[in-house]
Amino acid sequence: MKKLILSFVLFTLLIGTSFAENIFAHRFFEIKIDVPVEVSNNLLGLDDIFKKDVVIDLAKIADNVQAKGAAIKGNIAPSVSIGIDIPRGLILGVKVGAEADVGIGLSKDLFEFLGKGNVNMDNEYVMRTENTYADIFATVSVNGGWNTKKSRLEFAGTAFSSVVHFDASDTYARLYIDEDNNAIEYGAHVGAGLYSNINVANGFNDIQGILNSITNNLGFDVSASYKRDLFRFLTVGLDARVPLVPSKLSLCSAVSYDLVEGGKGKISIADFLGSSDDSGDGSGNSGDVSEATEDEEPGEEASKFDFNNVINNPVVLETPYAIHRPMKVGINANFHPFGTLLSTKGYLGIGIRHPFASAINAGTNNETDFYVDYSVAGRLSLWNILSLEISHECMDEVYRNALSIALNIRLAEVDAGVSMQSTNFTKSFSGAGLGAFVTVCVGF
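The rules we used
- Residues numbered from 1 in each chain as written.
- Predicted model: local features only at pLDDT ≥ 70, side-chain atom pairs only at ≥ 80, totals over all residues.
- Heavy atoms only, no water.
- Helix = DSSP H or I, 4+ residues; strand = E, 2+ residues; numbered from the N terminus.
- Buried < 20%, exposed > 50% of the residue type's maximum accessible area, 1.4 Å probe, protein only.
- Contact = heavy atoms within 4.5 Å.
- Areas by Shrake-Rupley, 256 points an atom, 1.4 Å probe, with all protein chains shown as cover.
- 1 Å grid on protein atoms, 1.4 Å probe; cavity = no way out; pocket = protein on both sides within 12 Å on 5 of 7 lines; lining within 4 Å.
- Points joined across faces, edges and corners; volume = space filled by probe spheres on them.
- Polar contact = N/O pair within 3.5 Å; in protein donor to acceptor, adjacent residues only side chain to side chain.
- Phe/Tyr/Trp six-rings, centres within 6.5 Å; stacked < 30°, edge-to-face > 60°.
- Lys NZ or Arg CZ within 6 Å of the ring centre and 35° of its normal.
- Core = buried A, V, L, I, M, F, W, Y, C linked by side-chain atoms within 4.5 Å.
- Salt bridge = Lys/Arg side-chain N within 4 Å of Asp/Glu carboxyl O.
- Pairing = 2+ DSSP bridges.
- Patch = residues over 30% accessible without salt bridge, like charges linked within 9 Å, V, L, I, M, F, W, Y side chains within 5 Å.
- Lys, Arg positive; Asp, Glu negative; His and termini not counted.
- Charge placed at Lys NZ, Arg CZ, Asp CG, Glu CD.

Novice: Explain the overall build of the protein to me, please; I cannot follow it from the model alone.
Specialist: Looking only at helices and strands, one finds 10 helices and 21 strands in the protein. Counting all 444 residues of the protein, 36% fall into the buried class. If you take every contact in the protein between residues at least 6 apart in sequence, the share linking residues at least 24 apart comes to 68%. Accessible surface, the protein as shown: approximately 24,900 Å² in total, 65% of it carbon and sulfur.

Novice: Just checking my understanding: could you explain empty space enclosed by the protein for this structure?
Specialist: In total, this model carries 2 cavities of 30 Å³ or more according to the counting rule given. Approximately 30 Å³ is the volume attributed to the second largest cavity. In terms of lining residues, the second largest cavity is bounded by Tyr321, Ala322, Ile323, His324, His354, Pro355, Ala357, Ile360 and Asn361. Secondary structure elements with two or more residues in the lining of the second largest cavity: strand E14 (315-323) and helix H10 (357-360). It is E14 that contributes the most residues to the lining of the second largest cavity, 3 residues altogether.

Novice: Is there a simple way to think about the side chain of Thr139 in this case?
Specialist: The topology assignment puts Thr139 in strand E6 (residues 133-147). The contacts of Thr139, once residues within four sequence positions are left out, are Lys95, Val96, Gly97, Ala98, Glu99, Thr158, Ala159, Phe160 and Arg325.

Novice: Even after reading the chapter, I still don't get helix H4 (residues 108-116), so can you show me in this structure?
Specialist: The α-helix winds at 3.6 residues per turn, so residues separated by three or four positions along the chain end up facing the same way. Of all the positions in H4, only Leu110, Phe111 and Glu112 are classed as buried. Turning to H4, the residues buried within the fold contact helix H3 (58-64), strand E2 (70-76), strand E4 (90-106) and strand E5 (124-128).

Novice: For this particular structure, what's the right way to read the side chain of Asn401?
Specialist: Assignment of secondary structure puts Asn401 in strand E19 (residues 398-408). The class of Asn401 is buried, set by a relative accessible area of 15%. Here His392 takes part through its side chain, which lies 2.8 Å from a polar atom of the side chain of Asn401. Those residues in contact with Asn401 that sit more than four places away from it in its chain are Ser391, His392, Val418, Ser419, Met420, Ser428 and Phe429.

Novice: Hey, could you run me through the packing of aromatic side chains in this one?
Specialist: Here the distance between the centres and the angle between the planes together describe a pair of aromatic rings. Under the definition given, this model contains 7 aromatic pairs. Centroid distance Phe425 to Phe429: 5.3 Å. Interplanar angle 75°. Geometry classified as edge-to-face. Using a relative accessible area of 41% as the deciding quantity, one classes Phe425 as partly exposed. Three or more aromatic residues joined by ring pairs form one cluster here, namely Phe231, Phe233 and Phe335. Directly above the ring of Tyr172 sits Arg128, whose terminal nitrogen or CZ lies 5.0 Å from the centroid.

Novice: Is there a simple way to think about the nonpolar core in this case?
Specialist: Looking at soluble globular proteins, one finds that nonpolar side chains tend to be buried together. In terms of nonpolar packing, the biggest core is built from 8 residues, these being Ile61, Ala62, Val65, Ala70, Leu110, Phe111, Tyr125 and Met127. When contributions to this core are tallied by element, the ones reaching two or more residues are H3, H4 and E5. Beyond its immediate chain neighbours, meaning those up to four positions away, Ile61 contacts Leu43, Leu44, Ile56 and Phe111. Among the nonpolar cores identified, the runner-up in size contains 7 residues, and Phe137, Tyr195, Leu249 and Ile323 belong to it.

Novice: So what exactly am I meant to see when it comes to the pattern of salt bridges here?
Specialist: Where charged atoms of side chains with opposite charge meet at close range, the side chains can pair. Taken as a whole, this structure holds 16 salt bridges when the rule is applied. Of the charged contacts in the structure, one is a salt bridge between Asp101 and Arg353, with a shortest N-O distance of 3.9 Å. Linking Asp101 in strand E4 with Arg353 in strand E16 (residues 342-353), this pair joins segments that are 252 residues apart in sequence. You can call Arg353 buried: its relative accessible area is 3%.

Novice: How should I be thinking about the pairing of strand E13 (residues 265-268) in this particular structure?
Specialist: A regular strand places its side chains on the two faces of the sheet in alternate fashion. Of the two faces of E13, the one lined by Gly265 and Ile267 is fully buried and the one lined by Lys266 and Ser268 carries no buried residue. Looking at chain direction, strand E9 (residues 183-196) and E13 are connected through 4 bridges and run antiparallel. If you follow Ala183 over to E13, its bridge partner there is Ser268.

Novice: Sorry if this is basic, but what is going on with a positive patch on the surface here?
Specialist: A surface patch of positive charge is lined by Arg88, Lys149, Lys150 and Arg228. Topologically, Lys149 is positioned in the loop between E6 and strand E7 (151-167).

Novice: So what exactly am I meant to see when it comes to the environment of Tyr195 here?
Specialist: One can find Tyr195 in strand E9. Of the residues examined, Tyr195 reaches a relative accessible area of 12% and is grouped as buried. On a C-alpha basis, the gap between Tyr195 and Leu251 in space is 5.6 Å, while along the polypeptide they are 56 residues apart.

Here it is in structure tokens:
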């Protein structure tokens, strides 16, 4: 009977302590290293590839990308931070990092044409490179704030420098079937720009030049975070990041080129078919197909455009290209009726990529992109020593389903996680993209 009573008391104490905070819950001083990496697409998942008979169903792919077209994304954001975080006291820290974000987008018309022909296309096909960009930033931020018994207020100022910005959103190909005149109109345009403060053609071997570029084109934004315990079991908060001063890039390797002279060509379907049926002399109606270039030597038109000169000959801009980091604002909530043992949290907000781009860069394409961010997660923790978290989110237009685990022994903590992700909600559950992160913290 005594053993039974003792076992019951120990079990009660065990459960009670698992619901409460403990010495492993918080470090007053901390050094943190964080390395997240991810890449995703919305075309093919692992379940489409790892099978005995791989079948690429173009019609199915066209259905999957019918909303925004194809999107491939990748990013990496390593950082190192050091900080002080005292309960009911001071918050102070500094963080140094880098952010690389790449997106490649192709409009849905290309996949509609490949998968279903021109059945639903009204005799016109236009393929655009939508939301195709690349950004590399170097960042240094200083944060400060204060903890009270029921709330936490934190501000951070970040100096950032754009190392490289690339945009190819003005590239397209067009095909139009003119049934009235029994002809096909076609055209293609290459429009892209590579902005930087260094000559990218020389690579990234000039370390001193890169450092000078970073220090001479600093931008600035501020962020704020506020959390408050409304009840014992519910914490709510507000997060925001607002751009103030853009980073500026003075060199540009740009191209704006029509692959067809005059921007548009025209082919008579009857003459084209007649030329195809003519097996011999090569004269036929070929002059009608390319009247605009009949006085040129074969290949002369193509030789006018040298892709090598696009990067090798950057020009100095009269007005530097200005760029901000994404703007963010959102609300969050943490529901924890069982203390640290079991909790759920959620976030809802909006993001703006390349905010104010059209206003501060006159004469360029509108690269500004609005999107909704959200996340939901559940966390199981045993005395904050061993924790397991499962989450689903859509952040920066990428859907992620993640599993992470944390081991915390106060003096050191290691968090690691993996995720399946995609720019398509359904594909995010099929391994169309993968992500991983490792975070190491030491302190006391």
